[in-house]
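Residues per chain are reported as follows:
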Amino acid sequence: MPVGDLVEWMEEHGAPHFTWYVKRLSGNDTLANGSHQAGPYIPRDFLFAVFPALNRREIKNPDVWFDLYIDSNADARQVRAIWYNNRFHDTSAARGRDETRVTGFGGGASALLDPESTGALTVFAFRKVAEGETADCHVWVCRHETEEDLVEDRVGPVEPGKYLIWPPAQQGLFAFLNPPPVRATCWLTDDEIPLEWLRKFPSGADIIRRAVELRPDDGLDPDRRLMRRRECEFEIFRSVEQAIEMPHITAGFETIDDFISRAQTILQRRKARSGHSLELHAKAIFVEERLAEGTHFAHQPESEPGKRPDFLFPSAAAYHDHSFPAERLRMLAVKTTCRDRWRQILNEADRIPAKHLLTLQEGVSEAQFREMTHGGVQLVIPSGLIEKYPKTVQPHLQTLESFIGDVRLLPVGS
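Residues numbered from 1 in each chain as written. Predicted model: local features only at pLDDT ≥ 70, side-chain atom pairs only at ≥ 80, totals over all residues. Heavy atoms only, no water.

Focus: the overall build of the protein
Within the protein, the secondary structure is distributed over 10 helices and 12 strands. The C-alpha radius of gyration of the protein comes to 23 Å, within 12% of the 22 Å expected for a compact globule of 414 residues. Dimensions along the principal axes, computed over C-alpha positions, put the protein at roughly 75 × 50 × 50 Å. Within the span of the protein, comprising 414 residues, buried residues form 50% of the whole. Intrachain contacts of the protein at a sequence separation of at least 6 include 63% that bridge at least 24 residues. Accessible surface, the protein: about 19,300 Å² in total, of which carbon and sulfur atoms supply 50%. (Helix = DSSP H or I, 4+ residues; strand = E, 2+ residues; numbered from the N terminus. Rg over C-alpha atoms; globule rule 2.2 N^0.38 Å. Buried < 20%, exposed > 50% of the residue type's maximum accessible area, 1.4 Å probe, protein only. Contact = heavy atoms within 4.5 Å. Areas by Shrake-Rupley, 256 points an atom, 1.4 Å probe, with all protein chains shown as cover.)

Given below as structure tokens:
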């Protein structure tokens, strides 16, 4: 299908009587990990809102069958939403199940369970129906980066391990600015936000410096430090976003164009943050791990004309010194997701055939991994995410801590 089909699909299924649940499929969602309970994770409270008949605690394991159409792949079937609520019925079990799942997708023939869909941005558009009726769901599994960009232009960035509901709570585009009911540790109150941040939105580096202050985590390894700071940084970002944008929102808009312009400003700012956040966190951790910029690594150097890898080790000078042995050079690319984007790094540093790639994507299929390996890509994965990859792939992944240990041993001179 051409990209235009997705544009038309979003227009049709972006009407007010639809609610979107948007996420990136993880290895636990698809069959990539060989899980016996594969199927996209959808939060219980969301399914209860869409299917009120599912929220019946007095019945053991209540279920609802509904029509699901995977429009991106011309697939239609009835699937089953079930609440496993054994915890409230089986008193002999110390801890029973209390979770919802959606089953009946038909195995690997479904684009939702296909291991090759791991990492794909996916939209579930649930139709709002009258009381007593059962909602149906239309799904679009993005097939390439262009489609993902089109969706994120509409809803904002969607990172691995996260999901969003759009429009949020059916309250309009800006409802996502509201703070969580209970303040998270890194959420800044209005009086904690520097005045200069309110006058001009802080840079990503400024926010990350604040995240480091709130989450120094000196005793944690680089992998756990990275993941905790990413969570903290996003909370800081959202709190500043609310402080700046809520006055404009509550004041209202004179025209629809004004509303759309403000919405686009917010969404583009979120995309810019998502695109550079991981890279800046990695740089901060390198410095904390006693890797000196300019001596042990270079950030965004020019390797060849028009080519700028995220990081070179030990330095740009060593890379351009052809007497410096190529086997002592390393390159690290940083991409939050890598399903399609990993190919972009293959030509970023010609002297280095093996490309290291730090990503937060929650799994790849075995076929995807073989293709990456054949292309000379070594995945660097925070340790807490490794279990989301197929068991056959896990031994071949490198943690961030291990990568830092390797580059620390590189000689800095020829």
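What follows continues from the structure just given.
Observations regarding the sheet that holds strand E5 (residues 121-127)
Spatial ordering of the open sheet is given by E4-E3-E2-E6-E5-E1-E7, a layout of 7 strands whose pairing is mixed. Because the sheet does not close on itself, it has two edges, and the strands there are strand E4 (99-103) and strand E7 (163-166). Adjacent strand axes in the sheet meet at a mean angle of 25° when their direction is disregarded. In terms of strand pairing, strand E3 (residues 75-84) meets E4 through 5 bridges, oriented antiparallel. Within E4, the residue paired with Ala81 across the bridge is Val102. (Pairing = 2+ DSSP bridges. Axes fitted to C-alpha atoms, helices over the stretch in contact; angles between N-to-C directions.)

Section: the packing of aromatic side chains
Inspection of the entire model under this criterion finds 22 aromatic pairs. When the ring of Phe253 is compared with that of Phe259, the centres are 5.5 Å apart and the planes differ by 85°; the resulting orientation is edge-to-face. Aromatic rings pair up to connect Tyr21, Phe46, Phe51, Phe66, Phe124, Phe126 and Tyr163 into one cluster. Taking NZ or CZ as reference, Arg269 lies 4.2 Å from the ring centre of Phe201, over its face. The cationic tip of Arg351 hangs over the ring face of Tyr319; the distance from NZ or CZ to the ring centre is 5.8 Å. (Phe/Tyr/Trp six-rings, centres within 6.5 Å; stacked < 30°, edge-to-face > 60°. Lys NZ or Arg CZ within 6 Å of the ring centre and 35° of its normal.)

Observations concerning the sheet that holds strand E12 (residues 377-380)
Read across the sheet, 5 strands follow the order E8-E9-E10-E11-E12 without closing on themselves; strand pairing throughout is mixed. The sheet is open, and its two borders are formed by strand E8 (298-299) and E12, each paired with just one other strand. Of the pairings in the sheet, the one linking E8 to strand E9 (residues 311-313) comprises 2 bridges and is antiparallel in character. Each residue of the ladder has a partner; that of His299, found in E9, is Phe311. Contacts from helix H7 (residues 256-288) reach E8, E9, strand E10 (330-334) and strand E11 (355-358) within the one sheet, and its direction differs from that of E9 by about 30°.

Overview of the packing of helix H5 (residues 204-214) against H7
A packed helix pair is summarised by two numbers, namely the angle formed by the two axes and the spacing between the axes. Viewed as axis vectors pointing N to C, H5 and H7 meet at an angle of 50°, and their least axial separation amounts to 10 Å. Comparing their axes, H7 and H5 come out oblique. The handedness of the crossing between H5 and H7 comes out as right-handed. For the pair formed by H5 and H7, the contact residues are Gly204, Ala205, Ile208 and Val212 on the first element and Ser277, Leu280, His281 and Glu288 on the second. Grouping the constituent residues of the contact of H5 with H7 by class yields 4 nonpolar, 3 polar and 1 charged. (Parallel < 35°, antiparallel > 145°, perpendicular 65-115°, else oblique. Left-handed = near helix turned anticlockwise from the far one by under 90°. Nonpolar A, V, L, I, M, F, W, Y, C, P; charged D, E, K, R; others polar.)

Some remarks on the state of the cysteines
Taken as a whole and assessed by the stated rule, the structure comprises 1 disulfide. Across the disulfide, Cys186 is cross-linked to Cys232 (sulfur-sulfur distance 2.1 Å). Handedness here is read from the sign of the S-S torsion; for Cys186 and Cys232, about -100°, the answer is left-handed. Remark: Cys232 occurs in helix H6 (residues 222-251) and Cys186 occurs in the loop between E7 and helix H4 (195-199); sequence separation between them is 46 residues. Relative accessible area serves as the criterion here: at 0%, Cys186 is assigned to the buried category. (Disulfide = S-S within 2.5 Å.)

Side note on H7
With 33 residues, H7 should cover 48 Å at 1.5 Å per step; its first-to-last C-alpha distance of 47 Å lies within 8% of that length. Within H7, the axis deviates most sharply at His276, by approximately 40°. Just past H7, the residue Arg290 takes up positive phi, approximately 65°. (Expected span 1.5 Å × (residues − 1). Bend = angle between axes of the 7 residues up to and from the residue.)

As for the pattern of salt bridges
By the definition in use, this model includes 31 salt bridges. If you follow the salt bridges from partner to partner, you end up with Arg24, Glu145, Glu148, Asp149, Glu152 and Arg341 in one network. (Salt bridge = Lys/Arg side-chain N within 4 Å of Asp/Glu carboxyl O.)

Overview of the environment of Leu68
For Leu68, the position within the fold is in strand E2 (residues 63-70). Assessed through its relative accessible area of 2%, Leu68 is described here as buried.

Thoughts on the pairing of strand E1 (residues 18-24)
Most of E1 is tucked away: 7 of the 7 residues are buried. A two-sided burial pattern is seen for E1, the buried positions comprising Phe18, Trp20, Val22 and Arg24 on one face and Thr19, Tyr21 and Lys23 on the other. Alignment of E1 against E5, held across 7 bridges, turns out to be antiparallel. If you follow Thr19 over to E5, its bridge partner there is Phe126. As paired strands, E1 and E7 are joined by 4 bridges and run antiparallel to one another. In the strand pairing of E7, Lys23 is matched with Tyr163.

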